Structures are given as structure tokens and as C-alpha cells.
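# Geometric and topological summary
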Amino acid sequence: MKAVIMAGGSGTRLRPLTSSLPKPMVPVVNKPMAEHIVNLLKEHGLNDIIFTLHYLPDAIRNYFGDGSEFGCKIGYSTEEGRPLGTAGCVKAIQDELDTTFVVISGDSLTDIDLTDAIRFHKEKKSKATIVLKRVESPLDYGVVILDGENRIQRFVEKPGASEIFSDTVNTGIYILEPEVMLYVVMGREQDFSNDLFPLLLLRNEPMYGYVADGYWCDIGNLAVYRQAHQDLLDGKMKINFGLPQIQDRVWVGEGTQIDATVKLEPPIVIGKNCRIGQETVIDAYTVIGDNVLVQDKVNMKRPVIWSNSYIGHQAQLRACVICEKVTVHSSAEILEGAIIGAGSSVGQEAVVSPDVRIWPDKTIDSGAKVISSVIWGTRAPRTLFGAHGVRGIANVEITPEFAVNLAAAYGATVKAGPVLVSRDYWRVSHMFSRVITSGLISVGVEVQNLEATSLPISRYHVKTQRASGLVHVRVSQREPEKVSIEFFDSEGIAITKAMERKIENTFFKEDFPRVQPADVGNISFPSRVREYYMDEFLKHVKGQVFEEDKIPFCIVPGSNYTRVTKTGGIATQAPKVVLDYAMAETGVILPDLLGQVGIETVVLNSSIRNTPPKQEERIAMRKQLADVVRALNAEMGAQIGRNGEQMTLVDELGQIIRGELLLAVVADIILRDKPNRSIVVPVNSSSIVERIAARYNCKVVRCKASETEIGSTTAKLEGAVLGGSANGCFIFPEFQYGYDAMFAVGQVLEHLTYQGRSLHQAVAELPQLIYQVDSVHCPWERKGRVMRLMVEKHHDRPMELLDGVKIQTRPDHWILVLPDATEPLVHVYADGLDLQNTSADLNEYTQMVRYLQNA
């Protein structure tokens, strides 16, 4: 049997508790209200649960996930736009409700016997059963009157004083048969109490009331919220706090340290990893969350303190609520009924008067006396990860203090080691790699420090050494003032979005308890890291057997180079390749690797400067590379970038090959010798890839336009030989699942030699490439509207919604409208076989994006 938890409410009467999280996520005795409901459902065998969401839905999704960590299966249905009401939101998921199901509110507390209620429902053969409770004051609830058989005769939702005809009220718990949802209109706002149940009475459908024993509390305001804590500590509701008792009715979590001089008056709940200072007094009905630091001589009388807060020396807390990550400085007083919103700071000796509400992220000055509420302001969303890990201005947005906590959050999430740490060659990356190492070992994780190592080598090493993960620090190639901290799993693949959310949640909660000194993680410095990579590289480049005709191919070491052509002809020459490291790489091993297979290399710009080169300098170096290739009559040139991940090629005539052209030529070179296999490219790549793949009976698999998706899709796809995009990064899964420009250069040389072609010939033999891109500024809050209207406008055309909106404008022509993941931009991609029509499409749709923002 399925259960539906209605969790869409914003809880306006509980502000500021619900300013930054939905009401069902407000903690009661250190667990969200919704978690208490999930535990109740599990207790009665209801393990298939669906949440209906509206206000801040991600908070609930991120916490519960798929339910596996809570011993059940959890799904979600989110109301977009205006709310649909209690019945309307359940109507939206009626296809999943094919048998008797339970509906329950996610923002109440109860231990009602649901098993007995379901038995009653089935015995009565009821179509709809309302679980009822007798209360002393029914004015705030729906009142119900029953006949002698408990069949519902009448009810009034929240009656006036003259309308009270019963003390039996609606608890918001319903047991329903799926056919009653036929009375609810899809997409219309409707409630159970105001709309569906009156209609069922009118149609004389069998509807009964189950009068329950047990505890039930609808937390509708702040006074009731505080009272609910007292009720639970008094044992009025059956609940497992999940904490051991250190004495009668004093529950204390693991890792908490309480000084021997502290006075404890039960009942009290103190969470995990707290520290309570000397001579502190904690009175009855005090609840303290996880990771709370309480200094000496603090006096607490019935406060509710959420996790990750700090209470200074001699502070006085009186029946107040302290939300998450609040700092209460020394000698401050928070009086009865006051609420301090999340992230706020109350200064030394400040006084917050009774019933005053401080909204989130406010600062109360030292010595101030606050007699009226301080309303909250807006703030940036709490997210860390972007397209390339965690990225920001070094020592401004990403500081050493930030990095050490980020590493501790990652270490607490990974739990087991070892974790590899590597970096590029800039001093700022060196600094951050050291503090990241400190953060990891502070939570007990073993670290293998690879020091300055190209990212492809680090990613290869994490896979071969069976490490738990890799953290790599590098300076941004496009914005040298910014640094990126990137995280990879045990296969060298960028971590998933789910893992990113776990790290973010741990980071913002500061839920990463530091270990005892004896348990600090070990740091080691592995040897021969580059040698292992080089050995495997040469195994794949030498002695390769191609599938087309099974001819063994080997680049012979030495000064001469043997080219085996498909016709059997042999050409002998001294090949020459020019490599440009753009003053950004020092681990220059590719010349040595190519030298071992008989290829002469000329290296440009291999020294390191104090600051990374700017983008315009890289462009100038690229032009220099083209000039040198022509001057030396070299077979090819390659510029290596992004710490060894990215390449740009130059053919023997000095033509610079990058972007979609580079993706196309690499695809043609590789697939030509790998027929009947697969290639992975993002949704925004040109359809020239499909035309190339068709030549060799290969399959093109498209994925979302992110480097993480390209990597994970290539790794999972059986038969994949290449993954890549127009940014010049390529994956060869036979070697590793990470981007590797060094291996890509080796593969291009190897396959061109076997094919008897030059790079210029390979480019000349490509199908026609007609592909254009433009970007339109679009505020974040309007992106959703633009995409929705774009879909509605083109409902009658062939369309794909893999990532963004991809529309076929005419045969063999398409447009992709794709919101940027990190900037207030919408990108428009146009692809086709005719330049005039492709340009017209691009112009039409860029104008359409601008228009739809204000439609």
C-alpha cells in the first residue's frame, strides 16, 4: 500500500523558521517533522511513499533522496506554478495510486495506529476514511459529526464559535480508494475538506470517520512548536530519539562532550558532536541539535537550539528558538518566545526581547536591545558546485578557510580512503592543495599527495590504485584569477550531482566532526606515478591491432618511422610534431613518450611564469605554433591546455583546428579504424558527427551538454571508443575515463599513420560543416518561462528535451535552445546543410528568446 505525504506548505505562521526551508523540514527534537512521519509510515508497513512538494522542494528531495537511507522507497511530485490544493496535488499522481492509499500531512506529529485505521477502512468498505481526533478546542480544525456506525454525516472546515457541533476534528490523515480521485479535476485547485469530501457526501459515497487514540499535534504556530517539544520529552508521543540516555531522560548523542560541572535537569536532548562548557546550567525541556558549541556558564531554560550553532560565555537563553548556524556571543540574552533566524549573529551583551523574531542572516550589534522584529532580506542560493567543481576568485570567494571545510565535508562524505590530492603548477594551487590535505586528514581520511601532476595522470592513477577519490586543484585557463577545486570518483570520473549535493549539505551543516589526534589521517607521497602512466600509454600506442582488417601496427622506435598503409606500401620518413604547452605545463612527458615511438618533437613555451597566460596570449601562442609547424615542415602541431586535458591541433599547412571541426576530424580519424562501435557527444554538437559515424556504421549517443555527463556516459556505454566535445577534450575509454590530451595526440598520430593520411587530408575529406552559435542574456528567474514557452510554441514540431529544447526547423536542420548552467545566458545553436537557412534559423531563434523573456 502506498502513502502520500503532503509536504507543499510554506508554513508562513512559523516564520522565520520556514524562511529558508519548507515547514515539513523544520526539526522537532533534532529530526524534521517529515522524518517523524516517514518513521510512522514505516512502522505500519507503508514503505512506498510519495511526497507532494511545492515550497522549496529541493530541501526535501535532497534530505530524503530515494528513501534507501531511511529503509523505504520515496518518490516525489512537484507542483509548478500556483498550488493545486491538497486534493489537486494528489490528483496529479493518480496513475501511481491503483489501490487503497493513505494521505498524511508532512507537518504534523502523531503516533496514531494507522494499521488499525486501515483495518477499520476495509471492514467498513469505505471509499474515504478520515482519521479523527477529539480535542478540547476545535476552532482551528475541520469538525466532523458521525452516526452510530461512524459514517460521516456532516463536517465544517474551521468553524466559527456558533458552528461548533462536535469536538471530533479532522487530523489530515485520509485512507482513500483510488476511484474517489475521479471526482477531482486534473490541474484545478481543490482541497479534500472543502471540495472532495462535500462532493462525496452529496453523492452518498460511503465515507467514514475513524476516531483515533494516541498523540496528534498540528504544528500551526510557534507556541505549538515549542509545546510539541515539551510533549515529546514528556513521553506523550511514542518516539525513538535515536540517542542513548546517559541518565534518566537525558539523551545525548555520540561524540558529545559535557563538562563534569554542567548541571542537567531532565528531560533534555543533546545531539551529536556537541561540546558543553563548564558550569553551564541546562534546565528541563531543553533541546540542542548536532555540532553545537556551548561555552562556559551559559544558562538555558527550555530553548530549542538547531544544529551547528555557537553559544558564547554566560549567554542566557529563555524558551526561545535558535535556528541553524546562529552565533550568540558572550553575555547575550534571548528571551521567551524570541526566534533567531538561520545564519544570524547576536552581539555581545545584546538583548532580544520576548516574542521578537530575527529573520535569517541578520547581525545584532553588541549591546543592542531589540524590541521589535528584524525582517529578513534576500541572499544568494546556497550552492557550491558549478560546471567544473567548486570555482571562484582565489583568496576572495575561495579562501583557505573555505577550502579546508570543503575538504572536510568531502572527507566526511567519502568516509573511507585513500583520497588522492593533486594540483597544477601555480603557487596558489599549491597553497590550496595543502589546506585540502589538512581538511581531509582532519576527519581521518588517508591522503596520497601526488603534488604537481597533470590531471590525466592523476585520473589514471586514482583508477589503478583503487583509491576512493581524487581532489584536483587548478587555476582557470580563461580566468586566471579564479581557482577550481574538482572532485573525481574511484574511476577518475567527475562525481555525480547526487554526490555534489551530499557534500554541499555536509558543508553547510558543518556536519564533519574532526577526529581525535591519534586518528588523524596519514599523508603519503606515491612514487613512479608518471612512470605507471607512461608504461600504460605505450602499451596502447604500440602493437595496436585494428579491427578493420586485423593488421598489426607498430610505430617502431628509432630515428626512422615506418608507416604501414592499407595498400601495403611502406613509407619511411622522420616525422616531426610541434608541441605547445602555452607556459602552463611543466610535467612535459609527451615528448618523451612520442620519442620512444620514433617521433621527433619540438616543444614551445614549456617554461612556467609567475602568473598563468591570459586568453589573448594563448591565442597568440596558437598562431606562433602554426607558423612554426609550417616553417619546420612538421606533420602536425598540438597545443596542450587545461592541465593536460585539452588540445588544439594544427595541420601541416598551418591551419588551426579547434571547436566543432576538431571534434569532427578526431571522430573521423578514430571511427575509420573502429567500425560498428559508438561515440558519445553532447546534445549541442553538430550533426556532422552523425554523418561521419554513418560512413563507418557507427552509433552516435548524445548526452547532456556537460563534461561530467560526457564522461559518465562514455564510461557506462558498452562499445564506446570515443567521447568528446567541441571544447577539445576527448576520452578514450580503452585507456581511461578521463579527458586526456596527451593520449589523444598519440591516438591521432597512430591512426593517421595507419590510414596513410595527413591531418590536412583528414580535414579535407570531412562532410560539410555548417554550424553557428549565439548567446542571449536572460535573467535566472526568466529562464524557466523562456523554455516553457519555447516548448508550447513548438508542440507540433519534432522536438527533443534531453537538455534544453532541440527543435527540427526543416529537414536536416535543427535549433537547440540551451540555458547556461552557471551564467544568466541562454545559448542558441543552429545546425544544417545550408548556410543561408542555418543563419536565418539562428537569427529567428535568438530574437525569439529575447521576446519570450517578456512575453
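Residues numbered from 1 in each chain as written. Predicted model: local features only at pLDDT ≥ 70, side-chain atom pairs only at ≥ 80, totals over all residues. Heavy atoms only, no water.

## Things to note about the pairing of strand β53 (residues 699–703)
The test is simple: Accessibility here uses a 1.4 Å probe with only protein chains present; expressed as a share of the type maximum, an area under 20% marks a residue as buried, one over 50% as exposed, and anything in between as partly exposed. Here a strand is any run of E in DSSP of at least two residues, a helix any run of H or I of at least four, and the numbering for each starts at the N terminus. We call two strands paired when DSSP finds no fewer than two bridges between them.
Among the five residues of β53, four are classified as buried, and the element is accordingly described as predominantly covered. In the sheet, strand β52 (residues 678–682) pairs with β53 via five bridges, with the strands oriented parallel. Its bridge partner lying in β53, P682 is registered against C703.

## Details of the nonpolar core
Inclusion rule: To define a nonpolar core, start from buried Ala, Val, Leu, Ile, Met, Phe, Trp, Tyr and Cys residues and group those joined through side-chain atoms within 4.5 Å. Contact between two residues is taken to exist if any of their heavy atoms lie within 4.5 Å; hydrogens are not considered.
Counting 66 residues, the largest nonpolar core has Y533, M647 and V665 as the members making the most contacts within it. Ranked by residue count, the leading element in this core is helix α14 (residues 659–672), at nine residues. With residues near it in sequence (within four places) discarded, Y533 still touches P456, I457, Y460, I589, L593, F735, Q736, D740, M742 and F743. Judged by nonpolar contacts, the second largest core, of 64 residues, contains L14, V26, Y208 and Y225.

## Quick notes on the environment of S839
Heads up, the rule is: By the criterion applied in these results, polar contacts are pairs of N or O atoms within 3.5 Å in which, for protein atoms, one can donate a hydrogen and the other can accept it, and in which residues neighboring in sequence qualify only through two side-chain atoms.
Within the secondary structure layout, S839 lies in helix α20 (residues 835–852). We classify S839 as partly exposed; its relative accessible area is 28%. Counting along the chain gives 112 residues from S839 to N727, while the straight-line C-alpha distance between them is 22 Å. At 3.0 Å, the side chain of S839 forms a polar contact with the side chain of Q772.

## Points about the packing of aromatic side chains
Cut-off, in case you're wondering: Aromatic rings from Phe, Tyr and Trp, taking only the six-membered ring of Trp, are treated as a pair when their centres fall within 6.5 Å; an angle between ring planes under 30 degrees marks them as stacked, one over 60 as edge-to-face, and anything in between as tilted. In this scheme, Lys NZ or Arg CZ marks a charge over a ring once it lies within 6 Å of the ring centre and within 35 degrees of the ring normal.
On inspection of all chains with the given rule, the structure shows 23 aromatic pairs. One aromatic cluster is present, built from ring pairs that chain together Y460, Y533, F537, F732, F735 and F743. Seen from the ring of Y737, K463 lies directly overhead, with NZ or CZ sitting 5.5 Å from the centre. The ring of W814 has K806 sitting right over it, with the charged end atom 4.1 Å from the ring centre.

## A look at the packing of helix α9 (residues 455–464) against helix α11 (residues 529–541)
The condition is simple: Angles run from 0 to 180 degrees between N-to-C directions of axes, and those axes are lines fitted to C-alpha atoms, restricted for helices to the stretch in contact. Note on terminology: angles under 35 degrees are roughly parallel, angles over 145 are roughly antiparallel, angles of 65 to 115 are roughly perpendicular, and the others are oblique. Classification used: nonpolar for Ala, Val, Leu, Ile, Met, Phe, Trp, Tyr, Cys and Pro, charged for Asp, Glu, Lys and Arg, polar for all others including Gly.
Running from N to C, α9 and α11 point in directions that differ by 85 degrees, and their axes come no closer than 10 Å. One element, α9, and the other, α11, form an angle in the roughly perpendicular class. Of the residues in α11, those touching α9 at P456, I457, Y460 and H461 are V529, R530, Y532, Y533 and E536. A per-class count over the contact of α9 with α11 returns six nonpolar, one polar and two charged.

## Some words on helix α4 (residues 114–124)
What counts, and what does not: For this quantity, the arc is that covered by the directions from the helix axis to the C-beta atoms.
Considered for burial, the residues of α4 that qualify are L114, A117, I118, F120 and H121. Across the axial projection of α4, the buried residues extend over an arc of 155 degrees, all falling on one side. Of the surrounding elements, those touching the buried residues of α4 are α1 (33–43), β6 (101–105), β8 (128–134), β11 (168–176) and β12 (207–211). Looking at where α4 begins, the residue whose side-chain oxygen comes 3.2 Å from the main-chain nitrogen of T115 is D113.

## A look at the sheet that holds strand β18 (residues 268–270)
Reading across from one edge, β14-β15-β18-β21-β24-β27-β30-β33 is the order of the eight strands in this open sheet, with mixed pairing throughout. Bordering the open sheet on either side are β14 (245–247) and β33 (357–358), each of which pairs with just one other strand. Here strand β30 (residues 339–340) runs beside β33; their pairing, made up of two bridges, is parallel. Bridge pairing in β33 links I340 to I358. Lying over the sheet, helix α6 (residues 222–233) contacts β15 (250–252), β18, β21 (286–288), β24 (304–305), β27 (321–322), β30 and β33, oriented at roughly 95 degrees with respect to β21.

## What to know about the packing of α14 against helix α17 (residues 741–755)
For clarity, the cut-off: Helix crossings are classified by the rotation of the near helix relative to the far one: an anticlockwise turn of less than a right angle makes the crossing left-handed, while a clockwise turn makes it right-handed.
At a minimum axis distance of 9 Å, the contact between α14 and α17 shows a crossing angle of 55 degrees. Considering their axes alone, α14 and α17 lie oblique with respect to each other. The hand of the α14/α17 crossing is left-handed. Two secondary-structure elements touch here, α14 through V666, I669, I670 and R672 and α17 through Q747, V748, H751, L752 and Q755. For the contact of α14 with α17, a count of residues per class yields five nonpolar, three polar and one charged.

## Quick word on the pairing of β52
The side chains of a regular strand alternate between both faces of the sheet. Where we set the bar: By the criterion used throughout, a crossover qualifies as right-handed when its path from the first strand across the helix to the second strand runs clockwise, the strands pointing away from the viewer.
Counting buried positions over the five residues of β52 gives five, a clear majority of the element. Neither face of β52 is exposed, since S678, V680 and P682 on one face and I679 and V681 on the opposite face are all buried. With helix α15 (residues 688–695) bridging β52 and the parallel β53, this β-α-β connection has right-handed handedness. Where β52 and strand β54 (residues 720–724) come together, three bridges link them in parallel fashion.

## Considerations on the pattern of salt bridges
Stated precisely, the cut-off is as follows: Salt-bridge detection follows one rule: a side-chain nitrogen of Lys or Arg within 4 Å of a carboxyl oxygen of Asp or Glu.
Under the defined criterion, the tally for this structure stands at 24 salt bridges. Salt-bridge contacts for D627 lead to R630; the nearest nitrogen and oxygen are separated by 2.5 Å. Here D627 and its partner R630 are both found in helix α13 (residues 615–632), three residues apart, which amounts to about one turn of the helix. R702 is the partner of E690 in a salt bridge, and the nearest nitrogen-oxygen pair spans 2.8 Å. Remark: R702 occurs in strand β53 and E690 occurs in helix α15; sequence separation between them is twelve residues. Among the charged side chains, a network of salt bridges with common partners joins R459, R474, E486, R642, E645 and E707.

## Concerning unusual backbone geometry
With omega at 5 degrees, the peptide bond leading from P266 into P267 counts as cis. Position of P267 relative to the elements: it lies in the loop between β17 (263–264) and β18. Within the chain, K125 stands out as a residue other than glycine whose phi angle is a positive 55 degrees. Here K125 is to be found in the loop between α4 and β8. Residue N697 is not a glycine yet carries a positive backbone phi of 55 degrees. Residue placement: N697 occurs in the loop between α15 and β53.

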